Amino acid sequence: DVIDFAFTADNRFAEPLVGYYEGEGSPKVTVQVLYPPEYASNAAPVLKATIDSLAYFSRTLGAYPYRTVTAVIPPYNAGEAAGMEYPTFFTADGYDDVTPGTLNAHRLDFVTIHEFGHGYFMGLLASNEFEEPMLDEGLNEYWNNRMLSERGQGVPLATRLLKRLGFSAQFPQFQAERMGAMLREPADGIGANSWDRMSSGSYSSVYSRTATVMRDLEAQLGSVATERAFKAYYARWSFRHPSIADLRETLAEVSGQRALVERVFAQQVYATGKIDDRIAKFDSDEVLPQPGTQLIDGKRSELDEETIEKQISATRKEWKKANPDAKEGSGPYPFLTRVLVSRQGVAVPQTLRVTFADDSVETAQFDGALRWQRFSWSKPVRAVSAQLDPEQRHYLDVSKADDGRTLEPDKTLSWRWSSDAAAILQNLYALLVTL
Ligand SMILES: [Zn+2]
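Residues numbered from 1 in each chain as written. Predicted model: local features only at pLDDT ≥ 70, side-chain atom pairs only at ≥ 80, totals over all residues. Heavy atoms only, no water.

Caption draft 1: Summary view of the environment of M182. Inspection of the secondary structure assignment puts M182 in the loop between α6 (173–178) and α7 (200–221). On the basis of relative accessible area, M182 is assigned to the partly exposed category, the value being 24%. Between the alpha carbons of M182 and A235 there is a distance of 32 Å; along the sequence they are 53 residues apart. (Helix = DSSP H or I, 4+ residues; strand = E, 2+ residues; numbered from the N terminus. Buried < 20%, exposed > 50% of the residue type's maximum accessible area, 1.4 Å probe, protein only.)

Structure, rendered in structure tokens:
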């Protein structure tokens, strides 16, 4: 039953840092951190991240069945030994400066959680890493991001200097993940094996693309159903050898939403489905009477432009008198609001939400294999904004910026889905594949 074996020996190791997990969900676990003196500052964060992981994985998946876990911080210049996992034993990494809130502190946290997580995703759930890396690196990455998100952690965008200046922005975990998920030109389904991929970049997408696919599935299934299904997956398959089909079957059965689970697996696990929905056009215009002939009391008469304009301005005046407190964007004439939604990838269920000047809201469903659909509403008020995927269920969509439009310029949108942050995150993804 021994699946792997590793040991470490170094007479320069400092006195090990020892702590315990005595929380819910698992028997008492002794946690030991072995570290070289040059990375003394890393020992306490690694111990804390390991104990926090024990709490999270015990609660969300099931009991950690061993009495020990040992984390090793490799010495300076031994970075190649960092980020490796064995049952009850893993190597984290070492950083010169792990000031809380900086990118390095986050990296240390992440690598610790990730390598500990492998104790579950392929240690206890003994899947085949070479044939189905999604069950190993992919699910682990997903669960790591869940844990960090639950703790309110994101990827810090601040260096130590910027942090001293009071800059402490962070990028939400799953938004950071999707940037490494080859959204625009996905090359391999996440269920593909590890050894026959288009490129090493496509192999590394098994981490972030799986995390994004599973995150989107969770957004559609609901977190309670998802966690119940993953607990069942762990209960049924720990100390056995699950395959992707076993995961799919457990998710479908336990969530009770088989069609949804099977659709996501067909599109993203066994195939490579780009998702790219957008609002292509959005307008909301007042519908005014037009010049031309019309029937009044059975007689055809012609209204020229001048007469019409006089009529309109008289009607407006009267309406304003009657509605002195009326909001901008309302009036005596109806507004025709039209939204054109277009689809350039595989079909996913989408919701369109349109908000109007009086704060009223209309929603519509964009489903099925249609490439485009036009929705329209005639209301006494003008529309203000249109939002596709208002519940953020599809992070796999190539661009979230084109999911929303306002009829007045919205400056917050460009920041929310800024691609500037992508540059800062590039080196993070360069590291991912080695974990
Ligand atoms: Zn890994």
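Caption draft 2: Seen up close, the packing of helix α2 (residues 103–117) against helix α4 (residues 137–150). It is the contact of α2 with α4, at a shortest axis distance of 9 Å, that shows an interaxial angle of 130 degrees. One finds that α2 runs oblique with respect to α4. Seen from above, α2 lies across α4 with right-handed handedness. Side by side, α2 and α4 meet where H106, D109, F110, I113, H114 and G117 of the first sit next to E137, N140, E141, N144, N145, M147 and L148 of the second. When its residues are assigned to classes, the contact of α2 with α4 shows 4 nonpolar, 6 polar and 3 charged. (Axes fitted to C-alpha atoms, helices over the stretch in contact; angles between N-to-C directions. Parallel < 35°, antiparallel > 145°, perpendicular 65-115°, else oblique. Left-handed = near helix turned anticlockwise from the far one by under 90°. Contact = heavy atoms within 4.5 Å. Nonpolar A, V, L, I, M, F, W, Y, C, P; charged D, E, K, R; others polar.)

Caption draft 3: Summary view of the pairing of strand β11 (residues 330–343). Pairing of strand β8 (residues 277–286) with β11 involves 9 bridges; the strand directions are antiparallel. Within the sheet, the bridge partner assigned to D277 lies in β11 and is R343. Relative to strand β14 (residues 372–381), β11 is paired through 9 bridges, and the arrangement is antiparallel. For T337, the partnering residue across the bridge sits in β14 and is W377. (Pairing = 2+ DSSP bridges.)

Caption draft 4: Representation of the packing of aromatic side chains. For the structure on display, the rule yields 18 aromatic pairs. Ring centres of F57 and F116 lie 5.6 Å apart, and the angle between their planes is 75 degrees; on these two criteria the pair is classed as edge-to-face. Of this pair, F57 sits in helix α1 (residues 40–60) while F116 sits in helix α2, and the two are 59 residues apart along the sequence. Taking relative accessible area as the criterion, F57 reaches 0% and is therefore assigned buried. Here the aromatic rings of Y120 and Y234 are separated by 5.2 Å at their centres, their planes lie at 35 degrees, and the arrangement is tilted. Taken together, the residues Y120 in helix α3 (residues 119–124) and Y234 in helix α8 (residues 223–237) connect sequence positions 114 residues apart. (Phe/Tyr/Trp six-rings, centres within 6.5 Å; stacked < 30°, edge-to-face > 60°.)

Caption draft 5: Region of interest: empty space enclosed by the protein. All chains considered together, the criterion is met by 2 cavities of 30 Å³ or more. Quantified by volume, the largest cavity comes out at close to 70 Å³. Surrounding the largest cavity, V213, D216, L217, Q220, R263, V264, Q267, Q268, I275, V348, H394 and L396 form its lining. The set of elements that each furnish at least two residues to the lining of the largest cavity consists of α7 and α10 (258–269). (1 Å grid on protein atoms, 1.4 Å probe; cavity = no way out; pocket = protein on both sides within 12 Å on 5 of 7 lines; lining within 4 Å. Points joined across faces, edges and corners; volume = space filled by probe spheres on them.)

Caption draft 6: The arrangement of unusual backbone geometry in detail. The phi dihedral of T88 is positive, around 65 degrees, even though this residue is not glycine. Tracing the backbone shows T88 in the loop between β4 (84–86) and β5 (89–91). The backbone of D389 shows a phi angle near 55 degrees, a positive value even though the residue is not glycine. Of note, D389 is situated in the loop between β15 (383–388) and β16 (404–406).

Caption draft 7: Broad picture of the sheet that holds β11. The 3 strands are arranged β8-β11-β14 in an open sheet whose pairing can be described as antiparallel. Because the sheet does not close on itself, it has two edges, and the strands there are β8 and β14. Pairwise comparison of adjacent strand axes, ignoring direction, gives a mean angle of 15 degrees for this sheet. Contacts between helix α11 (residues 305–322) and the sheet are confined to β8 and β11, with β11 contributing the most and set at about 105 degrees to the helix.

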